[in-house]
Every structure is written in structure tokens, then in C-alpha cells.
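Now for the letters of each chain:
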Amino acid sequence: MPNIDLVREVKRQKRTLKSILSVQSESEKEYMMQQSILDRLQNIKSSLTEKEQKNFVVDFYEGNIFVTKGVLSKKEKYPCVVSHTDTVHDIINSYSIEEKDGWFYAMDNDKLEQVGTGGDDKVGIFITLEMIRAKKKIKAAFFAEEEIGLVGSTRAPSVF
């Protein structure tokens, strides 16, 4: 008999990944992805206890999103997960994410042809968000404009 909770969790993760893949985020046009991440972080925060919420900090700095969750004791160090919000793919008006046999792919529905999903780094965004959800103490960064010369990470504050 399958574990019902595990099945629900896998279905939630698949919906989340498909939703992230559905947000187009060409370099320098990442605002929809950034807003999607900020909304998802707010949902994660709202699922926490009041005390945990006080120790969940999100900063938006020069297009980058920085997250700190939890407070460390003196001997601890934060694990840190990093991803980036842009892709190399142009924005397509009739873009959709489809699934077949458990695999996701993107379509340009006007041209009836397969196009890129932006898996680099939308899968990284998914993993980063899942790690934030799962860990009690973590730091994360979502850098902007990485595909056009590591722009976002070079604008990051030296102390994060």
C-alpha cells in the first residue's frame, strides 16, 4: 500500500516544478520569476510558527533575492543554496509547459514546436525553494542576470 503522505508530497512537488517552469524569465526580463519566488517565500513564511516567522528574513537587493531562515548557535554555520532567475530563452507569447510520461517540456503553441524550458536554472530555483522549506536554518540566494555575465552575483553584498 503506498504511503499517502509521500504520494501527496510528490504530487505537490511536481505541481510546484511545473509552475516554476511555466514562468518565463529571459535575462533582464526576470521580474515575473522574481515575483513568483517572492510569493512562494511568503507562502513558506506563512506556514511557519510566529517565532519562526520572526527569524525568516527576505531581502531584495539590486534584483537579487536573499533569504535567511533560523538563528544559529555560536558553533553552527548556515548551509547556503544558490540559484539564478534568468534563462537564455526568449519570451514566447504562446508558451506552455506540457508533461508526458513524467517528463516536462515546453511548447511554442503558435509555431507548434518544442522550445527550451529554462531548466537552467528553474530546476535550481525549485531545489532552492524546497531546501528553504525543509531546513530549519539556511541561507539562500536567487541571483539575477547570471546568463549574461554573472551580473547579479557581482552586485551581491559582501556580507550575506
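Description of the structure in this document. Keep in mind that what you see is a predicted model, and the values were worked out from it rather than measured.

1. Comments concerning the overall build of the protein
1) Next: Check the secondary structure of the protein and you find five helices and seven strands.
2) Next: Secondary structure elements of the protein occur, N-terminal to C-terminal, as α-α-α-β-β-β-β-β-β-α-β-α.
3) Next: Taking 160 residues into account, the globule formula puts the C-alpha radius of gyration at 15 Å, and the protein, at 17 Å, falls close to it.
4) Next: Referenced to the eigenvectors of the C-alpha coordinate spread, the extents of the protein come out at roughly 55 × 50 × 20 Å.
5) Next: Counting the 160 residues in the protein, one finds 40% classified as buried.

2. Things to note about the sheet that holds strand S4 (residues 95–100)
1) Next: The three strands lie next to each other as S4-S5-S6, forming an open sheet whose pairing is antiparallel. Unpaired on one side and paired on the other, S4 and strand S6 (113–115) mark the two borders of the sheet. If you compare each strand with its neighbour and ignore which way they point, the axes differ by 50° on average.

3. Examining helix H4 (residues 119–134)
1) Next: For H4, spanning 16 residues, the distance from its first C-alpha to its last is 22 Å, which sits close to the expected 22 Å at 1.5 Å a residue.
2) Next: Within H4 the residues assigned to the buried category are Asp-121, Lys-122, Gly-124, Ile-125, Phe-126, Thr-128, Leu-129, Glu-130 and Ile-132.

4. Examining the packing of helix H2 (residues 31–46) against H4
1) Next: The geometry of H2 relative to H4 is characterised by a closest axis approach of 10 Å and an angle of 15° between their N-to-C directions. With respect to H4, the axis of H2 lies roughly parallel. In the crossing of H2 with H4, the sense of the turn from one axis to the other is right-handed. For the pair H2 and H4, contact is made by Met-33, Ile-37, Arg-40, Leu-41 and Ile-44 and by Lys-122, Ile-125, Leu-129, Ile-132 and Arg-133, respectively.
2) Next: A per-class count over the contact of H2 with H4 returns seven nonpolar, no polar and three charged.

5. Some thoughts on the pattern of salt bridges
1) Next: Taken as a whole, this structure holds ten salt bridges when the rule is applied.
2) Next: Between Arg-8 and Asp-5 there is a salt bridge, with its nearest N and O atoms 3.8 Å apart. Placement of the pair is Arg-8 and Asp-5 together in helix H1 (residues 4–21), with a separation of three residues, close to one helical turn. Both residues of the pair, Arg-8 and Asp-5, belong to the exposed class.
3) Next: Note that Glu-145 and Arg-155 form a salt bridge whose closest N and O atoms lie 3.4 Å from each other. With Glu-145 in the loop between strand S7 (138–143) and helix H5 (151–154) and Arg-155 in the segment after H5, this residue pair connects regions lying ten residues apart in the sequence.
4) Next: Residue classification places Glu-145 among the buried residues on the basis of a relative accessible area of 15%.

6. Digging into the sheet that holds strand S3 (residues 80–84)
Remark on secondary structure: sheet strands pair via backbone hydrogen bonds, oriented parallel or antiparallel.
1) Next: Ordered by their spatial adjacency, four strands build an open sheet running S1-S2-S7-S3, and the pairing between neighbours is mixed. A single partner strand is all that each edge strand has here, and the edge strands are strand S1 (56–61) and S3. Recorded for the sheet is a direction-independent mean angle of 10° between the axes of neighbouring strands.
2) Next: The sheet contact formed by strand S2 (residues 64–69) and S7 spans five bridges and is antiparallel. By the bridge assignment for S7, Lys-69 is matched with Ile-138.

7. Overview of the environment of Gly-63
1) Next: With respect to the helices and strands, the residue Gly-63 is situated in the loop between S1 and S2.
2) Next: Between the C-alpha atoms of Gly-63 and Glu-52, which are eleven residues apart in sequence, the distance is 26 Å.
3) Next: Every residue in contact with Gly-63, bar those within four places of it in the chain, is listed here: Gln-34, Phe-142 and Ala-144.

How each quantity is defined
Residues numbered from 1 in each chain as written. Predicted model: local features only at pLDDT ≥ 70, side-chain atom pairs only at ≥ 80, totals over all residues. Heavy atoms only, no water. Helix = DSSP H or I, 4+ residues; strand = E, 2+ residues; numbered from the N terminus. Rg over C-alpha atoms; globule rule 2.2 N^0.38 Å. Buried < 20%, exposed > 50% of the residue type's maximum accessible area, 1.4 Å probe, protein only. Pairing = 2+ DSSP bridges. Axes fitted to C-alpha atoms, helices over the stretch in contact; angles between N-to-C directions. Expected span 1.5 Å × (residues − 1). Parallel < 35°, antiparallel > 145°, perpendicular 65-115°, else oblique. Left-handed = near helix turned anticlockwise from the far one by under 90°. Contact = heavy atoms within 4.5 Å. Nonpolar A, V, L, I, M, F, W, Y, C, P; charged D, E, K, R; others polar. Salt bridge = Lys/Arg side-chain N within 4 Å of Asp/Glu carboxyl O.

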